[in-house]
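If you want the building blocks of each chain, they are given just below.
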Amino acid sequence: MTTSDTHRAIDAVWRIESARLIAGLARMLRDVGLAEELAQDALVIALEKWPESGVPDNPGAWLMATAKHRAIDRLRRIKLQQRKHEELGHELERDWEDATAEFEANADDDIGDDLLRLVFTACHPVLSMEARVALTLRMLGGLTTDEIARAYLVSESTVAQRIVRAKRTLAEAQVPFEVPRADELGERLSSVLSVIYLIFNEGYSATAGDDLIRPALCEEALRLGRIVAELAPEEPEVHGLVALMEIQTSRTRARTGPDGAPVLLLDQDRSRWDRLLIQRGFAALTRARKLRGALGPYSLQAAIAACHAQATTAEETDWKTIVALYDALSQLTPSPVVELNRAVAVSMAFGPAAGLELVDALVAEPALANYHLLPSVRGDLLAKLGRHQEAHAEFMRAAGLTRNNREQEFLTERARVSAPDMAPPSEMKQ
């Protein structure tokens, strides 16, 4: 095996084992930041040794054992009283021997609780949402700061600062490394799901940059969702979110054309939708329904996605059912964005005039003031009603609001098509 082959193998091992390694270390040290640092130290040693010695048979246990020794060395350097120092060292060494044996003998079973603790810690409400996202991708996804920075189009130093601050905040707040008590579980789980949902949405529809979709983020969010679903199998909304992501991800190949330009849902080639992912999504939605009669917000969104997935052609879409699902969603989690999506469904079920009436009621909504999809939807409905000059203006406004280059090009072209006789912006009088 060449050095490059070994490095690729190490990268793959790290992606698989890093979360479990950090979780096991954090349980012993009660310090997520130190656990992540020691895990990174073990990775550096692997990069030095494995090209010569080869990848060990049980790389996870090797990394754990290496991190254990680093932890003991670190504690021995702490300036404490000699007697206390020795007691801590011996006690920790015994704990680590037990933990390493458990990790090697029963990695998949015993580490589950540790992973769940790590999930709740990385997504703790004491952190800002940006910090939660960065820490989750780092701790649970095994992504480097550079990879996270490229995914979110921010500088590597910005991501590094977010992660450092997040660790410091967790330490200063003395956040316990544990699964929340029953009375806190619902709120804390909601935070976890929100983080995963945000990661997925950024991958599904990139806020800025040259690409409409960032598949790596979608895949990472889906992987995290599946992990949480395995760790918390009795929580219906976990399965609802997984169902939503599975079904949405199934459309990836059909959502862009050969040149990377967006393809609207109704224009997509549905033969390119991934039927396996759709089936997995249906199965997850069924699990959510069985666990709770009334669907939660993620499950309702998954049910809407399922309506689209069940239609073999755009014309077969059951828009009235989708309207009913949006009605339920707006009652459960009212928001202007939900109302905008509901207006689209109403326009498909009852005509563009009915949809436009609902959209017009949202124009003054402060939360949508800079939301490019509001003028985009309004432009589409105006075009369907033959009000082409107004549609042109709305599409141009939407193009000016989005920071995604692909969407901007797409909306500018829609403006041109909606009113071809109008001069392009460069030719208009200033």
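What you see as residue numbers is a count from 1 along each chain, following the sequence as written. It should be noted that, the model being predicted, local features are given only for residues of pLDDT at least 70 and side-chain atom pairs only at 80 or more, the latter also being counted only at that level, while totals for whole chains, interfaces and linings use all residues. The side-chain figures draw on all heavy atoms in the structure; neither hydrogens nor water molecules are used.

With that settled, consider the overall build of the protein. Each helix corresponds to a stretch of at least 4 residues labelled H or I by DSSP, and each strand to a stretch of at least 2 residues labelled E; elements are numbered beginning at the N terminus. On a plain count of helices and strands, the protein comes out with 19 helices and 2 strands. When burial is assessed residue by residue, the protein has 46% of its 430 residues classed as buried. Of the contacts formed within the protein by residues at least 6 apart in sequence, a portion of 64% connects residues at least 24 apart. Think of it in three bands: residues with accessible area under 20% of the maximum for their type are buried, residues over 50% are exposed, and the middle band is partly exposed, with areas taken using a 1.4 Å probe on protein chains only. Residue contacts follow a heavy-atom distance rule, with two residues in contact if any of their heavy atoms lie within 4.5 Å.

This part covers the packing of helix H16 (residues 352–360) against helix H17 (residues 373–384). Where H16 contacts H17, the two axes come as close as 9 Å, and the packing angle between them is 150 degrees. The angle between the axes of H16 and H17 places the two elements in the roughly antiparallel class. Here H16 runs over H17; the crossing is left-handed. Here Pro352, Gly355, Leu356, Val359 and Asp360 of H16 come into contact with H17, specifically with Leu374, Val377, Arg378, Leu381, Leu382 and Lys384. In terms of residue class, the contact of H16 with H17 is built from 7 nonpolar, 1 polar and 3 charged. To obtain an axis, a line is fitted to C-alpha atoms, over the contacting stretch when the element is a helix, and the angle between two such axes runs from 0 to 180 degrees between their N-to-C directions. Oblique is the label for any angle not covered by the other classes, which are roughly parallel (under 35 degrees), roughly antiparallel (over 145) and roughly perpendicular (65 to 115). Each crossing is labelled by how the near helix is turned from the far one, with a counterclockwise turn of less than a right angle marking it left-handed and a clockwise turn marking it right-handed. Note that Gly is not counted as nonpolar here; it falls among the polar residues with everything else outside the nonpolar set of Ala, Val, Leu, Ile, Met, Phe, Trp, Tyr, Cys and Pro and the charged set of Asp, Glu, Lys and Arg.

Aromatic rings considered in pairs are described by the distance between their centres and by the relative angle of their planes. The aromatic pairing rule takes the rings of Phe, Tyr and Trp, using the six-membered ring of Trp, and pairs them if the centres are within 6.5 Å, calling planes under 30 degrees apart stacked, those over 60 edge-to-face and the rest tilted. If you walk through the whole model with that rule in mind, you get 3 aromatic pairs. Aromatic side chains Trp50 and Trp62 sit 5.1 Å apart centroid to centroid with 70 degrees between the ring planes, which places their arrangement in the edge-to-face category. Pair noted here: Trp50 is in helix H2 (residues 32–53) and Trp62 is in helix H3 (residues 59–77), with a separation of 12 residues, a long-range link. Measuring from ring centre to ring centre gives 5.2 Å for Tyr197 and Tyr298, while their planes differ by 70 degrees; the resulting arrangement is edge-to-face. Highlighted residues: Tyr197 in helix H9 (residues 182–204) and Tyr298 in helix H13 (residues 297–310), separated in sequence by 101 residues.

Right, let's talk about the side chain of Arg270 for a bit. Checked against the element boundaries, Arg270 lands in the loop between helix H11 (236–249) and helix H12 (275–291). Glu315 provides the closest opposite charge to the buried, salt-bridge-free Arg270, at an N-O distance of 7.2 Å. Apart from the residues within four sequence positions on either side, Arg270 is in contact with Leu265, His308, Ala311, Thr312, Thr313, Ala314 and Thr317. Only four residue types enter the tally: Lys and Arg on the positive side, Asp and Glu on the negative side; His and the chain ends are excluded. Salt bridge criterion: a side-chain nitrogen from Lys or Arg within 4 Å of a carboxyl oxygen from Asp or Glu.

Here the focus is the nonpolar core. We call a set of buried residues a nonpolar core when its members are Ala, Val, Leu, Ile, Met, Phe, Trp, Tyr or Cys and they connect through side-chain atoms within 4.5 Å of each other. In this structure, Leu25, Leu118, Leu135, Leu140, Ile196 and Ile199 are the most contacted members of the largest nonpolar core, which totals 93 residues. Counting residues per element, this core draws most heavily on helix H1 (residues 3–29), at 10 residues. Contact partners of Ile196, with chain neighbours within four places excluded, come to Ala221, Leu224, Gly225, Val228, Leu241 and Met245.

Should the charged atoms of two oppositely charged side chains come close, the side chains can pair. The full count for this structure, using the stated rule, is 23 salt bridges. The partner of Arg181 in a salt bridge is Asp183, and the shortest N-O contact between them spans 3.6 Å. Note on Arg181: relative accessible area 49%, which makes it partly exposed. For Asp183, a relative accessible area of 62% gives the class exposed. The shortest N-O distance in the salt bridge between Asp380 and Lys384 comes to 3.4 Å. A residue pair is termed a helical-turn pair when its members lie 3 or 4 positions apart in one helix, as Asp380 and Lys384 do in helix H17 at 4 residues.

Our focus in this paragraph is unusual backbone geometry. The backbone of Arg30 sits at a positive phi, close to 55 degrees, despite the residue not being glycine. Look at Arg30 and you get exposed, because its relative accessible area is 53%.

In this section: H11. Residues three or four positions apart in an α-helix share a direction because the helix packs 3.6 residues into each turn. To estimate the expected span of a helix, subtract one from its residue number and multiply by 1.5 Å. In a regular helix each residue adds 1.5 Å, so 14 residues correspond to 20 Å; H11 covers 20 Å between its end C-alpha atoms and thus fits that length. Of all 14 residues in H11, 14 are buried; the element is thus mostly enclosed.

Next up on the list: the environment of Glu339. Examined against the element boundaries, Glu339 turns out to sit in helix H15 (residues 336–350). Given a relative accessible area of 25%, Glu339 falls into the partly exposed group. Distance in space between the C-alpha atoms of Glu339 and Leu362 is 8.1 Å, their sequence separation being 23 residues.

A rise of 1.5 Å per residue sets the reference length of H17, with its 12 residues, at 16 Å; its end C-alpha atoms lie 16 Å apart and thus fit the reference within 8%. In terms of burial, H17 is largely enclosed, as 9 of its 12 residues are buried. Within H17, the full set of buried residues consists of Leu374, Pro375, Ser376, Val377, Arg378, Gly379, Asp380, Leu381 and Leu382. Looking at the buried positions of H17, the neighbouring elements they touch are H15, H16, helix H18 (388–401) and helix H19 (405–418). Looking one or two residues past H17, Gly386 carries a phi angle of roughly 80 degrees, positive in sign.

Here we come to the environment of Ala343. Secondary-structure assignment places Ala343 in helix H15. In the structure, Ala343 is positioned 16 residues away from Val359 in sequence and 6.2 Å away in space, judged by C-alpha atoms. In this view, Ala343 contacts Gly355, Leu358 and Val359; residues no more than four positions away in its chain are not counted.

Relative orientation of the contacting elements H12 and H13 amounts to 140 degrees, with a least axis distance of 10 Å. Relative to H13, the element H12 lies oblique. For the pair H12 and H13, the sense of crossing is left-handed. Touching Arg275, Ile278, Phe282, Leu285, Ala288 and Arg289 of H12 are Ser299, Ala302, Ala303, Ala306, Ala309 and Gln310, all from H13. When its residues are assigned to classes, the contact of H12 with H13 shows 8 nonpolar, 2 polar and 2 charged.

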